[in-house]
Amino acid sequence: MKPVPPATSLRKAPVQRRSAERLTRILDACADLLDEVGYDELSTRAVAVRAGVPIGSVYRFFGNKRQMADALAQRNLDRYTEQVTERLKEAPKGDWRAAMDAVLDEYLAMKRTAPGFSLVDFGNQIPVGARHSEPNHRVADRLTDLLSHYIGRAPDEDLRRTFLVAVETADTLVHLSFRVDPEGDEAIITETRELLRAYLARVLD
C-alpha cells in the first residue's frame, strides 16, 4: 500500500514573504466565505475583495475556486498534523491510546472551530456531500509517518492499512455525530473512541 502523493493546487508557490502573506489572506478569506455563503456562491472575486487583494493575485495562485478550496484543505491537513504533533510532545512515549486521543480530539476541535472546515475538511467535501477516498488516504499516510516513530512501529504496509481503516471509520462516525448534533453528538463520539481503541488494540498491543 503505497502512500498517496500530496495534492498540489497552486499555480505558483509563494517565494517572498509578502507573497506568502497574501496567499494566507486569500485562504483565510476563502474559509470565512465558505461558512458565510457556501461553496456554490463562493467566487474568486468575492475572495479577492474579502482578502483585500487584486483579483489578479488570486489568479496568480489559483485557476478557479475549486483549486482554492483544495489548497485550503491541504492547509487544514498541515495544521492538523502540527496540532497533533504538539499534543504528542505532552503524551507518554509509546502510548498509542494517548496518540489516538490526540488524533481524534484535534480533528473534533477543527470540526468545531476551523473556518470553512465543515465544507472542505481535508479535501473530501466539495461538491457538498461528495466523499472521495483519496483525502482519507493522505490523512492515514500522514498519521502513519507521524505516529510510527512515536509508537515504535515500522511504517510498513500493515500499519498503513490499519491506520487507513481507523481513519475511514472515524471519518464516517464523526460526520454522523455532527449530523445528529451541530457540535458533535458526545454519545456517538464516545462510541467512536471505544470502537477505535478496540480495533487498534488488536494490532498495536
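Quick look at the structure, then.

Some thoughts on the overall build of the chain
Consideration 1: Along the chain, the regular secondary structure elements total nine helices and zero strands.
Consideration 2: Helices and strands in the chain line up, N terminus first, as α-α-α-α-α-α-α-α-α.
Consideration 3: Taken as a whole, the chain presents about 10,600 Å² of accessible surface, with 52% of it coming from carbon and sulfur.

Structural notes on the nonpolar core
Consideration 1: Counting 37 residues, the largest nonpolar core has Y80 and F122 as its most contacted members.
Consideration 2: Among the secondary structure elements, those contributing two or more residues to this core are α4 (65-89), α5 (96-113), α7 (133-151), α8 (157-180) and α9 (186-204).
Consideration 3: Looking at this core, the element that brings in the most residues is α5, giving ten residues.
Consideration 4: Among all residues touching Y80, those that are not within four sequence positions of it are V103, E106, Y107, M110, F122 and L143.
Consideration 5: By size, the runner-up hydrophobic cluster in this structure holds 23 residues, among which are I26, A51, V53 and L119.

Considerations on empty space enclosed by the protein
Consideration 1: Per the stated rule, a full pass over the model turns up two cavities of 30 Å³ or more.
Consideration 2: Of the pockets and cavities examined, the largest cavity occupies roughly 290 Å³.
Consideration 3: Along its surface, the largest cavity is lined by 22 residues, and Y80, V103, L143, V167 and A170 are the ones closest to its centre.
Consideration 4: At the level of secondary structure, the elements contributing two or more residues to the lining of the largest cavity comprise α5, α7, α8 and α9.
Consideration 5: Considering each element in turn, the lining of the largest cavity owes the most residues, six residues, to α5.

Some details on the environment of Y150
Consideration 1: Note that Y150 resides in helix α7.
Consideration 2: For Y150, a relative accessible area of 6% gives the class buried.
Consideration 3: Y150 sits 61 residues away from K89 along the chain, and the two C-alpha atoms are 9.7 Å apart.

Notes on the environment of A201
Consideration 1: Here A201 is to be found in helix α9.
Consideration 2: With 104 residues separating them along the chain, A201 and R97 place their C-alpha atoms 8.8 Å apart.

Here's the deal with the packing of α8 against α9
Consideration 1: Where α8 contacts α9, the two axes come as close as 9 Å, and the packing angle between them is 170 degrees. Relative to α9, α8 is oriented roughly antiparallel. Contacts from L159, R161, T162, V165, A166, T169, A170, L173, L176, S177 and V180 in α8 reach I188, I189, T192, L195, L196, Y199, L200, V203 and L204 in α9.

Description of the packing of aromatic side chains
Consideration 1: Evaluated as defined, the whole model comprises six aromatic pairs.
Consideration 2: On the basis of an interplanar angle of 50 degrees and a centroid distance of 6.2 Å, the ring pair of F61 and F62 is categorised as tilted. Considered together, F61 and F62 belong to a single accessibility category, that of buried residues.
Consideration 3: One Lys or Arg, K65, reaches over the ring of Y39 and ends 4.5 Å from the middle of that ring.
Consideration 4: When the ring centre of F178 is taken as reference, the NZ or CZ atom of K111 above it lies at 5.0 Å.

Procedures and definitions
- Residues numbered from 1 in each chain as written.
- Predicted model: local features only at pLDDT ≥ 70, side-chain atom pairs only at ≥ 80, totals over all residues.
- Heavy atoms only, no water.
- Helix = DSSP H or I, 4+ residues; strand = E, 2+ residues; numbered from the N terminus.
- Areas by Shrake-Rupley, 256 points an atom, 1.4 Å probe, with all protein chains shown as cover.
- Core = buried A, V, L, I, M, F, W, Y, C linked by side-chain atoms within 4.5 Å.
- Buried < 20%, exposed > 50% of the residue type's maximum accessible area, 1.4 Å probe, protein only.
- Contact = heavy atoms within 4.5 Å.
- 1 Å grid on protein atoms, 1.4 Å probe; cavity = no way out; pocket = protein on both sides within 12 Å on 5 of 7 lines; lining within 4 Å.
- Points joined across faces, edges and corners; volume = space filled by probe spheres on them.
- Axes fitted to C-alpha atoms, helices over the stretch in contact; angles between N-to-C directions.
- Parallel < 35°, antiparallel > 145°, perpendicular 65-115°, else oblique.
- Phe/Tyr/Trp six-rings, centres within 6.5 Å; stacked < 30°, edge-to-face > 60°.
- Lys NZ or Arg CZ within 6 Å of the ring centre and 35° of its normal.

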